[in-house]
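Single-letter residue listing:
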4 protein chains.
Amino acid sequence: MELLKNYIDGSWTSSIEENTKEVINPANQQILARVPFGKGTSKDLEKAVLAAQVAFHDWKNVPVMQRVQPLYKLKTLLEENTDQIARIITMECGKTFAESKGELQRAIENIETACSTPTLIQSEFSENVARGVDEFMIRQPLGVCCCISPFNFPGMIPFWFLPYAIACGNTFILKPSEKVPLTMMKCFELLDQIGLPKGVVNLVHGGKETVDAMLEHPLVKAISFVGSTEVARYIYQKGSAYGKRVQAQGGAKNPILILPDADLDLSSKIIADSVFGCAGQRCLAASNIITVGDENGLVKDSIYHASLTKKTGYGLDEGIEMGPVISKESKSRIEQLIQIGERDGAKVILDGRNHKVPGFENGNFLAPTILEDLPIKSELMKTEIFGPVLTLLTLKSLDDAIEFINSNHYGNMACIFTSSGASARKFRNEVNSGNVGINIGVAAPMAQFPFSGWNNSFFGDLHAQGRHGIEFYTQTKVVIERWPKEWSRKF
Amino acid sequence: MELLKNYIDGSWTSSIEENTKEVINPANQQILARVPFGKGTSKDLEKAVLAAQVAFHDWKNVPVMQRVQPLYKLKTLLEENTDQIARIITMECGKTFAESKGELQRAIENIETACSTPTLIQSEFSENVARGVDEFMIRQPLGVCCCISPFNFPGMIPFWFLPYAIACGNTFILKPSEKVPLTMMKCFELLDQIGLPKGVVNLVHGGKETVDAMLEHPLVKAISFVGSTEVARYIYQKGSAYGKRVQAQGGAKNPILILPDADLDLSSKIIADSVFGCAGQRCLAASNIITVGDENGLVKDSIYHASLTKKTGYGLDEGIEMGPVISKESKSRIEQLIQIGERDGAKVILDGRNHKVPGFENGNFLAPTILEDLPIKSELMKTEIFGPVLTLLTLKSLDDAIEFINSNHYGNMACIFTSSGASARKFRNEVNSGNVGINIGVAAPMAQFPFSGWNNSFFGDLHAQGRHGIEFYTQTKVVIERWPKEWSRKF
Amino acid sequence: MELLKNYIDGSWTSSIEENTKEVINPANQQILARVPFGKGTSKDLEKAVLAAQVAFHDWKNVPVMQRVQPLYKLKTLLEENTDQIARIITMECGKTFAESKGELQRAIENIETACSTPTLIQSEFSENVARGVDEFMIRQPLGVCCCISPFNFPGMIPFWFLPYAIACGNTFILKPSEKVPLTMMKCFELLDQIGLPKGVVNLVHGGKETVDAMLEHPLVKAISFVGSTEVARYIYQKGSAYGKRVQAQGGAKNPILILPDADLDLSSKIIADSVFGCAGQRCLAASNIITVGDENGLVKDSIYHASLTKKTGYGLDEGIEMGPVISKESKSRIEQLIQIGERDGAKVILDGRNHKVPGFENGNFLAPTILEDLPIKSELMKTEIFGPVLTLLTLKSLDDAIEFINSNHYGNMACIFTSSGASARKFRNEVNSGNVGINIGVAAPMAQFPFSGWNNSFFGDLHAQGRHGIEFYTQTKVVIERWPKEWSRKF
Amino acid sequence: MELLKNYIDGSWTSSIEENTKEVINPANQQILARVPFGKGTSKDLEKAVLAAQVAFHDWKNVPVMQRVQPLYKLKTLLEENTDQIARIITMECGKTFAESKGELQRAIENIETACSTPTLIQSEFSENVARGVDEFMIRQPLGVCCCISPFNFPGMIPFWFLPYAIACGNTFILKPSEKVPLTMMKCFELLDQIGLPKGVVNLVHGGKETVDAMLEHPLVKAISFVGSTEVARYIYQKGSAYGKRVQAQGGAKNPILILPDADLDLSSKIIADSVFGCAGQRCLAASNIITVGDENGLVKDSIYHASLTKKTGYGLDEGIEMGPVISKESKSRIEQLIQIGERDGAKVILDGRNHKVPGFENGNFLAPTILEDLPIKSELMKTEIFGPVLTLLTLKSLDDAIEFINSNHYGNMACIFTSSGASARKFRNEVNSGNVGINIGVAAPMAQFPFSGWNNSFFGDLHAQGRHGIEFYTQTKVVIERWPKEWSRKF
């Protein structure tokens with residue numbers, strides 16, 4: 001059983017910590033590896049910070065057009081190794097092979113966008129703000145930047161941050177989720193080959209101890225986090241308390257509104273993909289499906305059938321459309337939430353509990369589940385389930401739907417399916433959500449746009465990706481230069 | 001004696017709090033007014049928040065080109081009332097009449113830049129991110145935004161924030177410093193005349209209770225602060241703990257490096273203006289003057305003479321170049337710091353203590369003071385004095401000077417005087433400071449640029465002014481629209 | 001009878017040319033003034049160029065934040081004088097008083113946007129493109145810039161150019177249309193009061209001789225033109241032949257497509273306003289109204305009734321919705337074109353010829369006219385009429401409509417009325433036109449956006465308004481600075 | 001002897017034209033290939049235009065993130081084939097192997113910058129310009145775009161245009177110089193492998209007939225040219241006459257000013273590289289070297305020695321620093337210009353005429369040549385020599401130097417060598433040149449910046465490279481959408 005090493009200062013080194021945690025395949029409980037876990041990982045982190053700080057002194061002065069050259073290589077290597085990495089993702093994280101490849105594509109797009117840093121990092125020059133005085137701005141890197149990434153996108157989320165951070169001249173430390181560390185182990189093998197100086201990128205395993213060490217270390221200048229709202233708030237508060245800049249992305253409870261003037265077949269399929277893709281374990285998974293004016297139940301039927309036919313199983317097997325959830329604890333938590341729904345009055349019109357996949361009897365499988373008639377006041381209506389559970393809700397009007405959506409304390413995504421330009425515009429204008437889809441099931445912004453959670457789905461102001469990434473990973477330096485003509489010497 | 005009212009929801013209303021604090025002219029201890037001060041002000045704040053929240057619902061939907069129209073009027077009114085407002089600033093804050101007019105000019109420039117919001121608030125549109133799919137971003141306002149402004153620029157600092165906040169569609173609450181509330185009383189008389197709907201801008205007096213109420217109120221979405229590092233850190237931590245976005249600008253200890261190849265006469269005059277302007281009470285005041293290679297003491301002599309001739313007195317009197325410091329406590333704190341300098345080994349080669357201004361014997365006056373031979377390790381070398389005290393320091397080389405500057409925990413401003421392009425470039429590239437001056441004594445960014453404190457001079461990531469102001473006062477909403485061609489109906 | 005003067009070098013001076021042309025009120029043939037017209041005006045132009053060139057030497061060095069101050073004043077003056085100027089527009093140009101005020105509002109919006117020049121003119125700075133090397137760009141003004149403006153928007157079109165040109169540091173010469181010179185006479189009275197140095201803005205009357213002198217003069221660096229395609233092409237060719245940068249906006253034949261899923265009443269009113277507003281004399285007037293699937297003729301009826309009720313008369317009279325066309329020649333040309341339509345097979349279902357307005361029997365009036373059944377191959381289908389004439393065309397599908405629209409050699413505007421998001425998106429994506437309206441009758445871009453004619457509606461690449469204006473009126477200067485550290489002297 | 005084929009519609013096809021011209025190695029007169037040349041090439045061009053037009057219909061709809069994928073591959077292929085292509089450049093063009101590799105590096109940087117197109121092509125979105133109305137801009141491609149490239153940078157200049165053009169969705173036709181067509185033959189072999197659809201990029205050989213066919217063809221929408229001012233003006237005039245957008249870069253006569261406060265050794269070496277690099281055949285070659293205050297002739301001596309030691313020979317041989325000029329005609333023209341200099345009074349203090357390279361006696365070699373005492377009024381002072389000839393000029397002051405520089409009718413580059421920040425700033429501010437170097441010998445803008453010729457060095461407004469490239473290769477479409485809330489249907 002492999003005991004995972006850290007990647008610090010350009011070398012693979014063993015952790016100081018001897019305690020470990022098992023990395024488990026959620027489809028069959030196979031133990032894939034063991035990851036350092038415990039108090040000693042904070043010392044690993046300290047080592048990484050010092051290596052990163054040393055590396056920073058040179059890296060920040062490397063011209064930005066040279067700093068992005070390794071990213072071009074990384075793009076090529078990830079493309080060449082997509083299948084292999086995708087297989088690792090599926091093994092440790094559970095999602096289907098196609099989904100794993102999909103998230104790598106998003107990773108690559110972020111690397112491409114970070115390759116635009118020589119242009120994006122430019123800032124403003126004003127000649128002659130007063131006679132003989134010019135003023136301009138420079139974006140300079142911060143220093144050591146850290147990322148704490150979650151279990152659900154082991155191959156994508158680190159690349160929301162790492163490419164921008166290093167392209168801007170920072171050095172970087174990643175702590176992958178202890179549940180899914182293998183994907184980044186493989187990616188760091190590639191990162192090792194692209195010509196980065198030692199210490200520019202580092203990987204340190206661990207759990208809360210590593211995180212706290214990051215948050216407290218005075219040389220760490222910026223923290224990027226993606227995970228639950230509870231932890232995001234903790235990260236934001238503690239990171240801020242230590243004076244750092246922090247971007248912390250939290251949970252969600254995403255609604256999709258479907259109007260009768262939408263194309264039902266097409267919409268239903270997209271919606272079912274949104275709800276059950278990645279077994280519902282994504283921050284842009286739809287969860288509350290709202291219908292308006294669906295008097296004959298056509299929308300409901302259509303979604304029901306699209307859900308019913310989803311094939312659940314091991315993500316590496318052919319034809320599988322949905323994998324297991326990440327852990328036994330997670331499965332049991334989701335089942336309890338369904339039960340709470342029932343207790344609150346919901347009917348389970350499609351019940352994915354006790355779903356057995358032949359050959360994977362120990363897997364953390366749930367099949368697609370649909371709740372109906374859950375009272376609008378039920379706490380579950382606002383609780384993130386993070387599993388393949390859909391709640392069907394019928395409201396009277398577009399206005400009511402928007403009001404319901406805006407009453408939620410999250411604000412990650414809201415989508416509408418309609419053929420009406422007017423309804424779409426009203427929705428996108430009024431809904432309190434940072435990522436909005438019109439006839440889109442998973443409104444994930446392209447890498448040129450910020451991944452814009454609102455409310456409790458995000459703490460901070462600058463988001464991941466694109467220009468926001470550049471702004472987050474640099475500090476502005478304004479220079480005012482006065483060169484009096486009189487000082488031009490005569491000879 | 002006037003008891004100051006709050007401006008809430010478009011009306012001047014009395015505070016709930018009966019306790020007050022005196023507003024005092026620092027040049028003669030005249031009591032100018034009384035300002036509500038105490039626990040009840042948190043209730044005033046609550047009223048203002050509710051009014052601002054109600055106003056937000058309409059204001060956010062007013063087209064941005066209309067939202068800036070009142071700002072054009074405000075510019076005109078401030079220009080017409082400059083002398084009157086400047087007189088108020090001088091009376092309550094102490095600085096000279098010319099300095100007061102100068103800060104109003106900076107305020108007006110920020111209003112002008114906020115008039116550019118219709119252009120600056122635009123965001124990105126990408127056609128065809130996939131076939132038939134367009135993606136774009138909208139910048140939408142946050143809601144109720146608050147500003148806590150300090151005593152030293154009563155007429156400027158509120159306008160670093162207010163114009164951008166409301167141009168972006170937010171509503172705004174200002175708590176001016178209780179030491180200098182009269183300037184904004186006058187400005188809000190003007191704000192009352194420019195056609196803003198009720199509740200869009202509000203002014204609430206008070207002290208820490210008002211601040212805490214702002215930080216804790218769930219409807220307040222953003223906090224802008226300028227003041228000491230200690231309080232800035234408090235604001236940042238507490239505001240973040242309540243999940244808000246915060247920009248908190250703190251203190252400084254600003255160095256100016258003067259190389260022998262600078263024009264001595266010109267440089268010395270500018271440097272003395274930087275140190276003693278506003279009686280040293282500005283976050284961009286120079287404080288440590290560093291010379292390199294000044295073997296014959298020419299630089300030192302030149303600065304000494306430029307300092308010696310500064311005329312101290314009442315800011316409204318003709319020919320006065322420096323006014324009093326803000327309070328008796330402040331004066332005594334500065335005198336103690338000078339004493340600490342002496343204790344640590346400094347020579348006071350120009351001693352401004354016990355300075356008496358005829359006719360203003362009760363004023364909080366200090367004359368220009370110069371310390372020499374303060375050991376580099378003295379704590380005072382890194383302590384913000386916020387008074388008219390200059391420390392002369394001699395170092396061996398440009399490298400040593402940059403190292404000294406970068407060892408400081410602040411990073412608000414660093415300046416160099418030189419005729420050498422190479423020295424200037426090295427300095428601007430390497431110095432850890434967000435506002436850099438080359439042959440400039442007070443490197444205050446124009447309104448188009450962010451006011452870029454670094455390190456302990458700033459907590460947050462987005463600064464005041466310009467594009468940063470727009471980014472801080474808006475949240476990004478990314479919309480992904482799929483309009484399948486097939487959905488285009490046939491008729 | 002007033003003989004109009006030129007405004008050159010800050011003074012009102014008589015033309016060298018003695019020949020004149022009459023300025024005529026198109027509603028009643030009253031002679032309003034006489035304008036210099038003939039060969040001698042080229043000498044006036046020469047004087048203006050020299051004055052503008054002298055003024056350029058200083059003006060280009062005035063800091064941009066100061067250069068826009070006069071524009072703030074101009075905005076205020078135009079607002080205060082709107083009614084008076086609008087009356088002049090109506091008198092010499094014919095449009096209604098409300099239309100005249102409307103175009104002035106657009107003028108003011110361009111002045112506001114030009115006030116953003118301190119931000120818009122900023123350009124890019126890149127630190128460390130190689131070690132020790134910085135690179136940045138400056139936008140510097142061109143020199144003397146000229147504008148030739150048409151008769152149909154005497155108060156707006158000059159301000160598409162003038163504010164940006166001078167804000168960027170250029171000096172400017174305007175030749176207003178000899179048909180409508182009085183509006184700019186009044187505006188230049190205001191321009192005379194805003195504190196511009198002599199020679200920065202100049203007005204020279206005349207016709208083709210003045211234009212040719214502009215095109216040929218080596219000190220004239222840029223030409224902006226709006227008018228017919230024929231003249232626009234001439235200006236573009238000749239200006240380019242003389243090595244200048246040129247933006248030349250030409251004619252149009254604008255289609256509006258109305259689908260049955262649009263709101264008929266609302267749409268029809270907007271469409272009639274688009275066709276008959278300004279008596280059809282605008283480059284964004286709709287002309288070909290295309291229906292698809294209008295089997296019951298509902299759309300046709302609705303438009304017919306909206307057209308029928310338009311009240312034609314003297315623009316200064318109460319309740320008038322449409323004024324006369326500019327000249328007798330123009331009226332007769334339009335009537336001939338209607339006749340050609342009839343000859344080609346069209347039915348005139350609403351005939352505005354021989355329309356008499358009581359009290360204004362000599363006016364150049366035509367009432368709303370609608371042609372039906374004009375064969376799609378008729379030349380008139382692609383001929384700009386520039387009068388209140390609407391052609392109704394029925395096609396089979398959205399695809400056919402787009403194909404028809406894209407077969408036109410113009411490309412100024414294309415609009416669609418629909419409630420379908422998918423139809424709107426397909427239309428905006430595929431239509432070969434630079435200004436596109438969705439449920440908009442006159443798709444005139446706001447001042448922050450370029451007025452984007454395509455094909456024969458525009459020659460050049462940078463359009464009027466916004467960022468394009470800034471780019472057109474400046475030339476880029478890229479500076480690469482190498483400041484070797486070794487050159488930083490030791491002392 | 002290879003007869004070169006065209007690359008049209010994804011295939012290598014023989015020209016219709018039977019006449020040819022020889023491609024000659026300028027170092028030894030070896031015939032390398034034969035290129036189609038004559039009237040028939042206009043028919044080849046016609047075929048290419050039609051193929052490109054067909055390809056355009058699909059290519060414009062490919063999402064931009066996919067359109068740049070082939071460019072990533074191209075970057076990799078060019079890197080892998082650098083040595084081979086560089087050898088071809090040296091063989092047909094004459095420059096040294098290191099210079100050939102250098103120009104390919106610049107080509108690659110432009111490809112990288114074009115990979116940023118998904119970000120750069122984004123345009124502006126404004127929500128709520130009026131209530132319920134949104135306005136935004138789209139950048140759409142033009143259609144078929146053509147480039148006519150010169151002999152001196154066969155591997156770089158086509159990539160100033162091609163990558164941006166196709167990334168923006170246009171299709172492209174290149175006509176390489178008939179003197180150096182082999183470099184692009186090799187590059188198009190690579191372009192053939194990167195997955196571009198047929199017809200997106202095309203290569204057509206020929207001379208003036210091909211050019212005229214491009215300029216006249218109605219389907220060609222944009223022309224990019226680099227060459228002599230005479231031809232650039234022709235291209236600009238004729239392209240404009242046919243209504244196209246044109247960017248035409250012409251010749252130069254570039255000055256370098258060296259002040260005595262510069263580091264002489266370093267500066268002189270850089271300056272000699274600037275003058276003699278590529279045998280002086282580049283539009284950024286320095287030509288007039290101006291000294292101020294060089295009383296003891298130190299600058300002159302230093303430049304003399306730096307020039308004297310340049311080793312001339314065959315570019316593929318080891319240690320060679322300067323190759324031959326392009327042709328016998330060119331060599332003889334340069335020698336005549338030197339003679340004219342002598343006739344006008346210049347002393348030839350270093351004479352490179354009659355330079356023989358052993359083993360390459362037939363090569364078009366000239367060694368470094370320095371003229372002194374050429375009268376400032378000599379026509380040669382303003383004549384582009386395009387060969388390894390340096391004119392030394394002494395002036396009295398920085399002001400005089402700037403005046404001299406600004407009297408030139410070109411404006412491609414101007415450089416200064418100085419240690420003075422004030423002199424550098426004055427120079428960069430005042431000099432009438434679009435590319436300015438401070439202590440830089442060849443001020444070639446990085447690919448993120450426009451290559452900014454001024455005056456007769458450029459006709460048009462949008463230059464090559466970076467954002468200007470994107471703007472040139474797209475047309476703006478402004479969309480105004482009104483989606484009335486009322487149109488949102490009730491169900």
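Residues numbered from 1 in each chain as written. Chains lettered and ligands numbered in written order. Predicted model: local features only at pLDDT ≥ 70, side-chain atom pairs only at ≥ 80, totals over all residues. Heavy atoms only, no water.

The subject of this paragraph is the environment of P388 of chain D. Residue and element names in this part refer to chain D. Take P388: it is sitting in the loop between β15 (369-372) and β16 (389-395). Classification of P388 by relative accessible area gives buried; the value is 1%. The spacing of P388 and P324 is 64 residues in sequence and 9.5 Å in space, taken between C-alpha atoms. Setting aside residues no more than four positions away along its own chain, P388 makes contact with V275, F276, A279, G280, M322, V325, L366, A367, P368 and T369. (Helix = DSSP H or I, 4+ residues; strand = E, 2+ residues; numbered from the N terminus. Buried < 20%, exposed > 50% of the residue type's maximum accessible area, 1.4 Å probe, protein only. Contact = heavy atoms within 4.5 Å.)

Residue-level contacts link 46 residues of chain B with 46 residues of chain C. Of the roughly 4000 Å² buried between chain B and chain C, counting both surfaces, carbon and sulfur atoms make up 50%. Scanning the region where chain B abuts chain C turns up eight salt bridges. The salt bridge involving D261 of chain B is made with R489 of chain C; its shortest N-O contact spans 3.1 Å. Inspection of the region where chain B meets chain C yields 21 residue pairs in polar contact (both at pLDDT 80 or more). Considering every element that reaches the side of chain B that touches chain C, the biggest residue donor is helix α15 (residues 421-430) of chain B, with eight residues. Broken down by class, the residue content of the side of chain B that touches chain C amounts to 16 nonpolar, 15 polar and 15 charged. (Buried area = accessible area lost by both parts, 1.4 Å probe. Salt bridge = Lys/Arg side-chain N within 4 Å of Asp/Glu carboxyl O. Polar contact = N/O pair within 3.5 Å; in protein donor to acceptor, adjacent residues only side chain to side chain. Nonpolar A, V, L, I, M, F, W, Y, C, P; charged D, E, K, R; others polar.)

Residue and element names in this part refer to chain C. Most of strand β11 (residues 245-249) sits out of view: five of its five residues are buried. Burial of the side chains of β11 extends over both faces: R245, Q247 and Q249 are buried on one face and V246 and A248 on the other. The β-α-β motif built from strand β10 (residues 220-226), the intervening helix α10 (residues 229-241) and the parallel element β11 has right-handed crossover chirality. Across two bridges, β11 lies against strand β21 (residues 458-459) in antiparallel orientation. What sits directly across from Q249, in β21, is F458. (Right-handed = clockwise from strand over helix to strand, strands pointing away. Pairing = 2+ DSSP bridges.)

In this section: the relation of the copies chain C and chain D. Laying chain C over chain D is done by rotating through 180° and shifting 0.0 Å along the axis; what remains is an RMSD of 0.0 Å. Given the turn and translation reported, the copies of this chain are related as if by a two-fold rotation axis. A share of 100% of the interface residues of chain C reappears at the interface of chain D, consistent with the copies meeting face to face through the same patch. (Least-squares fit on C-alpha atoms with pLDDT ≥ 70 in both.)

Right, let's get into the interface of chain C and chain D. On the chain D side, the residues contacting the 65 residues of chain C number 65 residues. Carbon and sulfur atoms make up 55% of the surface buried where chain C meets chain D, a total of about 5600 Å² over both sides. Counting every contact that joins chain C to chain D gives four salt bridges. The interface formed by chain C and chain D holds 35 residue pairs in polar contact (both at pLDDT 80 or more) in total.

With that out of the way, let us pick up the side chain of E112 of chain D. For E112 of chain D, the location among the structural elements is in helix α5 (residues 97-115). Given the relative accessible area of 5%, E112 of chain D is considered buried. E112 of chain D has contacts with M65, Q69 and Y72 of chain A together with K75 of chain D, leaving out every residue within four places of it along the chain.

Before going further, it helps to examine the pattern of salt bridges. Within this structure, the stated rule accounts for 102 salt bridges over all chains. With its nearest N and O atoms 2.4 Å apart, the salt bridge here joins R428 of chain A to D134 of chain D. Residue R428 of chain A is located in helix α15 (residues 421-430), and its partner D134 of chain D is located in strand β6 (residues 133-141); the two belong to separate chains. Here E481 of chain C and R428 of chain D are joined by a salt bridge, their closest N and O atoms 2.4 Å apart. Of this pair, E481 of chain C sits in strand β22 (residues 474-482) while R428 of chain D sits in helix α15 (residues 421-430), on two different chains.

A few words on the packing of helix α1 (residues 41-59) of chain B against helix α9 (residues 208-216) of chain B. Residue and element names in this part refer to chain B. Contact geometry of α1 with α9 gives a least axis separation of 8 Å together with a crossing angle of 40°. In terms of orientation, α1 and α9 fall into the oblique class. Where α1 crosses over α9, the two elements pack in a sense that is right-handed. For the pair α1 and α9, contact is made by T41, S42 and L45 and by E209, T210, A213 and M214, respectively. Of the residues in the contact of α1 with α9, the class split is three nonpolar, three polar and one charged. (Axes fitted to C-alpha atoms, helices over the stretch in contact; angles between N-to-C directions. Parallel < 35°, antiparallel > 145°, perpendicular 65-115°, else oblique. Left-handed = near helix turned anticlockwise from the far one by under 90°.)

Scored by pLDDT, chain A comes out at a mean of 97, with 100% of its residues at no less than 70. Interface confidence for the predicted complex, expressed as ipTM, amounts to 0.97; the pTM equals 0.97. (pLDDT = per-residue confidence, 0-100.)

The nonpolar side chains of a soluble globular protein tend to be buried with one another. The biggest cluster of nonpolar side chains holds 579 residues, and the ones touching the most others in it are F172 of chain A, F172 of chain B, F172 of chain C together with F172 of chain D. At eight residues, the largest contribution of residues to this core is made by helix α7 (residues 158-167) of chain B. If near-sequence neighbours (up to four positions away) are discounted, F172 of chain D is found in contact with C145, C147, F161, L162, A165, I166, V200, V201, N202 and Y473 of chain D. (Core = buried A, V, L, I, M, F, W, Y, C linked by side-chain atoms within 4.5 Å.)

This brings us to α7 of chain B. Residue and element names in this part refer to chain B. Burial runs high along α7: ten of the ten residues are buried. The complete set of buried residues in α7 reads P158, F159, W160, F161, L162, P163, Y164, A165, I166 and A167. Just downstream of α7 lies G169, where phi reads positive at about 105°.

Here we take up the side chain of N435 of chain C. Here N435 of chain C lies in strand β19 (residues 435-438). Reaching out from N435 of chain C, the side chain makes a polar contact with the backbone nitrogen of S452 of chain C at a distance of 3.1 Å. Apart from residues lying up to four places away in sequence, N435 of chain C is in contact with L284, N412, M413, A414, A443, P445, P450, F451, S452 and G453 of chain C together with V478 of chain D.

Another point: the domain arrangement of chain A. Residues and elements named next belong to chain A. When cut into domains, chain A gives domain 1 (6-250 + 461-478) and domain 2 (254-438). Computed from C-alpha atoms alone, the centre-to-centre distance between domain 1 and domain 2 is 31 Å. Counting residues at the interface gives 23 residues for domain 1 and 23 residues for domain 2. Summed over the shared surface of domain 1 and domain 2, the result is eight residue pairs in polar contact (both at pLDDT 80 or more). Looking at the side of domain 1 that touches domain 2, the elements with two or more residues in it are α4 (82-93) and α5 (97-114). At five residues, the largest contribution of residues to the side of domain 1 that touches domain 2 is made by α4. (Domains from an automatic or database assignment.)

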